[in-house]
Amino acid sequence: MKKLLIFALLVLPAVLLTVDGGSRLMAHATEDELDEELDVEVESDDASVTQTDEVETDDEPETTKSPDADTFLLFTRPLHSSGSQLELPAGYPVEFLVGFANKGSDDFIVETVEASFRYPMDFNYYIQNFSAIPYNREIKPGHEATVSYSFLPSESFAGRPFGLNIALNYRDASGNQFSEAVFNETVSITEVDEGLDGETFFLYVFLAAVVVLLLVLGQQFLGSYGKRKRSPAVRKTVETGTTNTKDVDYDWIPAETLKKIQNSPKGGKVSPKQSPRQRKAKRAAGSDE
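Keep in mind that this is a model prediction, so the values were computed, not measured.

Points about the overall build of the protein
1) Next: What the protein contains, in helices and strands, is four helices and nine strands.
2) Next: The secondary structure elements of the protein, listed N-terminal to C-terminal, are α-β-β-β-β-β-β-β-β-β-α-α-α.
3) Next: Within the protein, counting contacts between residues at least 6 apart in sequence, those at least 24 apart form 67% of the total.
4) Next: Summed over all atoms, the accessible surface of the protein reaches about 22,500 Å², with 56% contributed by carbon and sulfur.

Side note on the environment of Phe72
1) Next: Relative to the helices and strands, Phe72 resides in strand E1 (residues 69-77).
2) Next: On the accessibility criterion, Phe72 (47% relative accessible area) is partly exposed.
3) Next: Considered as a pair, Phe72 and Thr146 are 74 residues apart in the sequence and their alpha carbons are 8.9 Å apart.
4) Next: What Phe72 contacts, discounting residues up to four positions off in sequence, is Leu97, Val98, Gly99 and Ala101.

A few points about the pattern of salt bridges
1) Next: Tallied over the entire structure, the rule returns five salt bridges.
2) Next: Here Glu180 ties to Lys65 by a salt bridge, and the two come within 3.8 Å at their closest N and O atoms. Here Lys65 lies in the loop between helix H1 (2-58) and E1 and Glu180 lies in strand E9 (residues 177-190), a separation of 115 residues in the sequence.
3) Next: We classify Glu180 as buried; its relative accessible area is 7%.
4) Next: For the salt bridge of Arg171 with Glu111, the shortest nitrogen-to-oxygen distance reads 2.3 Å.

Here's the deal with the UniProt feature "transmembrane region" (unreviewed entry) in the protein
1) Next: Here the UniProt-annotated "transmembrane region" (unreviewed entry) positions come out as residues 201-222.
2) Next: Along residues 201-222 one finds 100% helix and 0% strand; the C-alpha atoms at either end are 32 Å apart.

A few points about the packing of aromatic side chains
1) Next: All told, the structure shown has 15 aromatic pairs when counted by the stated rule.
2) Next: Arranged with centres 5.4 Å apart and planes meeting at 80°, the rings of Phe75 and Phe183 form a pair that is edge-to-face. One end of the pair, Phe75, is in strand E1; the other, Phe183, is in strand E9, with 108 residues separating them in the sequence. Here the two residues Phe75 and Phe183 agree in accessibility, since each one is buried.

Rules used throughout
- Residues numbered from 1 in each chain as written.
- Predicted model: local features only at pLDDT ≥ 70, side-chain atom pairs only at ≥ 80, totals over all residues.
- Heavy atoms only, no water.
- Helix = DSSP H or I, 4+ residues; strand = E, 2+ residues; numbered from the N terminus.
- Contact = heavy atoms within 4.5 Å.
- Areas by Shrake-Rupley, 256 points an atom, 1.4 Å probe, with all protein chains shown as cover.
- Buried < 20%, exposed > 50% of the residue type's maximum accessible area, 1.4 Å probe, protein only.
- Salt bridge = Lys/Arg side-chain N within 4 Å of Asp/Glu carboxyl O.
- UniProt positions renumbered as here; feature names shortened; annotations may be inferred.
- Phe/Tyr/Trp six-rings, centres within 6.5 Å; stacked < 30°, edge-to-face > 60°.

Put into structure tokens, the structure is as follows:
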């Protein structure tokens, strides 16, 4: 046992030092690898940021317009007068017409109309893109055409200003592409007050039900309390005995006594008010005679 203890005391520190040194080496190696990965990621992020900046700078959309074409815009829902800020109701469709007039000698093809909400302080920053509706209508020289477009502002945008951009994309017979912003202004999204919405209606119904329930409970409480207060007094019953002589049973009285009663001056009528003592006294007087 002593040799095993000595061997364990000698070997255990060596094993601990070896394991600790290996873990440190592994930790240093892992940290170095992580540092290298971070350096590579940072460098790649910088490169991507630089490339993104370059792409954004190079790919900024430019509004182009053909000198042989004229465009018009008319809001039909809601109506809008020039010189005032456009207000769009949140949660309701917005409709407008885009007119195109060909003043040149070549044909034009109206391809698409698209709309988008932009950040009002920077129109290059998109908030929401709406669908681009394709038309592909051919416009002959000297002719005009009108296309319609509609979109639905979200109710979450209510009470906030946004930049509204409406673009008309078309091309000429030579294949030259044009993208003209027929509307590019700041608009206000307004919240429509409907008066009585569903939530308010159900709230009023609930309050009315609570009031009716309280009235019913109050009526029941008052009714039970009044009944307790107006409880009828208990009448005491007094026994008066038998007042009608016809209802008296004379079978238990001896025949001699009945004859005497019938021969009495009262004609056989028995006064119900006589006490038993009086009746005994009369019987005793009759026996003495």
